[in-house]
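Architecture and fold: a report
Residue strings, one per chain:
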Amino acid sequence: LGRMKPVIVVHGGAGRIFKEREEGCRAGVVRAALRGYGVLKQGGSAVDAVEEAVRSMEDDPHFNAGCGSVLNEKGEVEMDAIIMDGKNLDSGAVSAVKCLANPIKLARLVMEKTKHMLLTDHGAQLFAQAMGIPEIPGEKLITERSRERWKKNLEPDSNPEEFQKDLGTVGAVAIDSEGNVACATSTGGLSNKLIGRVGDTACIGSGGYADNRSGATSTTGHGESIMKVVLARLILYHMEQGMSPEVAADTALDYMKTRVGGLGGVIVVNKAGEWAARFSTKQMSWATVKDDNLHYGIYAGERHVKSVDEALASEREGF
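Residues numbered from 1 in each chain as written. Predicted model: local features only at pLDDT ≥ 70, side-chain atom pairs only at ≥ 80, totals over all residues. Heavy atoms only, no water.

An unreviewed UniProt entry lists the protein chain under the name Isoaspartyl peptidase/L-asparaginase, with Mohoua ochrocephala as the source organism. Under Sequence similarities (unreviewed entry), UniProt gives the following word-for-word description of the protein chain: "Belongs to the Ntn-hydrolase family." (UniProt positions renumbered as here; feature names shortened; annotations may be inferred.)

The four strands lie next to each other as 7-8-9-10, forming an open sheet whose pairing is antiparallel. Single-partner strands in this sheet number two, and they are strand 7 (208-211) and strand 10 (275-279). Strand-to-strand, the axes of this sheet are offset by a mean angle of 10 degrees, without reference to chain direction. As defined by bridge partners, strand 9 (residues 264-270) adjoins strand 10 across five bridges and the pair is classed as antiparallel. The partner of V268 across the bridge, within strand 10, is A276. Those strands touched by helix 8 (residues 231-240) are strand 7, strand 8 (215-221) and strand 9, and its axis lies near 140 degrees from that of strand 8. (Pairing = 2+ DSSP bridges. Helix = DSSP H or I, 4+ residues; strand = E, 2+ residues; numbered from the N terminus. Axes fitted to C-alpha atoms, helices over the stretch in contact; angles between N-to-C directions. Contact = heavy atoms within 4.5 Å.)

What follows covers the UniProt feature "binding site: substrate" (unreviewed entry) in the protein chain. Listed under "binding site: substrate" (unreviewed entry) in the UniProt record, and renumbered for this structure, are R197, V198, G199, D200, T220, G221, H222 and G223. Counting through the fold element by element, T220 comes out in strand 8. Among the residues examined, T220 registers a relative accessible area of 1% and is labelled buried. Not counting residues up to four positions away in its chain, the partners in contact with T220 are H11, G13, A14, T169, I226, G264, G265 and M284. Among the polar contacts made by the side chain of T220, one reaches the main-chain amide nitrogen of A14 at a distance of 2.9 Å. Considering the arrangement of structural elements, one finds G223 in helix 7 (residues 223-229). Assessed through its relative accessible area of 1%, G223 is described here as buried. Beyond its immediate chain neighbours, meaning those up to four positions away, G223 contacts R197 and D200. (Buried < 20%, exposed > 50% of the residue type's maximum accessible area, 1.4 Å probe, protein only. Polar contact = N/O pair within 3.5 Å; in protein donor to acceptor, adjacent residues only side chain to side chain.)

Structure, rendered in structure tokens:
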């Protein structure tokens, strides 16, 4: 049938990416985009593609999601994730989940196997057990870097806000050959957050939104600010009013900045397969594949382009 050319866009979080982590972040988003595109090329759905892309980044310790998540005030990992299918507006999300390698996988099961949209904490854990998802020791998700940062933030003169700039929520949006769109977002949240804090990621319309009638978006940045303006839905609203993905993204990010002083980043695809990756922070790692070309960058104005074949070849050689 292949009426639409499939497109995938991914982000690895908006904020400040330290020099020594740049290469790893670039490689991570590129790998995720290529994996998601592989799913689309084989006729997989947009939902399959965004789940696969996000899973790839959850497994990559460079990002604040899955393994590599930041720690809460007690030194534990608590993760949030959401997935949404633009065909019928079905969505599944989990919040404050621990001891799981891939929260996005559980979010998808919430969407497909329950009548609910969001399961939290202990209930999400029970559901994971019922679904046969193996628990892993919490320590397995904790990197040296997350622990270091947690300790630093505990010092009396520390300013966790300073560190929040390096956020690293991960996300993906896609349109498949059938013209269906989907989004997925996953995060470890804010470093040294209160136990039980839920940010924008698990909240439909804030951390992500997908609707075949307009498009799909996944967000990253300061969660509380994103929730105040319901950022993902706001972007789609602007597209429904006729704005291009890029203008819609910039308009919404600008509103969030002027109205509540919040910074962030977004990836967008519209129903015509046009895409954008925009941010008001210093940096956001992102990658996209369309027409067998890979585009990626981290800094404002930075955009590398490679053919997918070339990218897959260097991927095999280990970037």
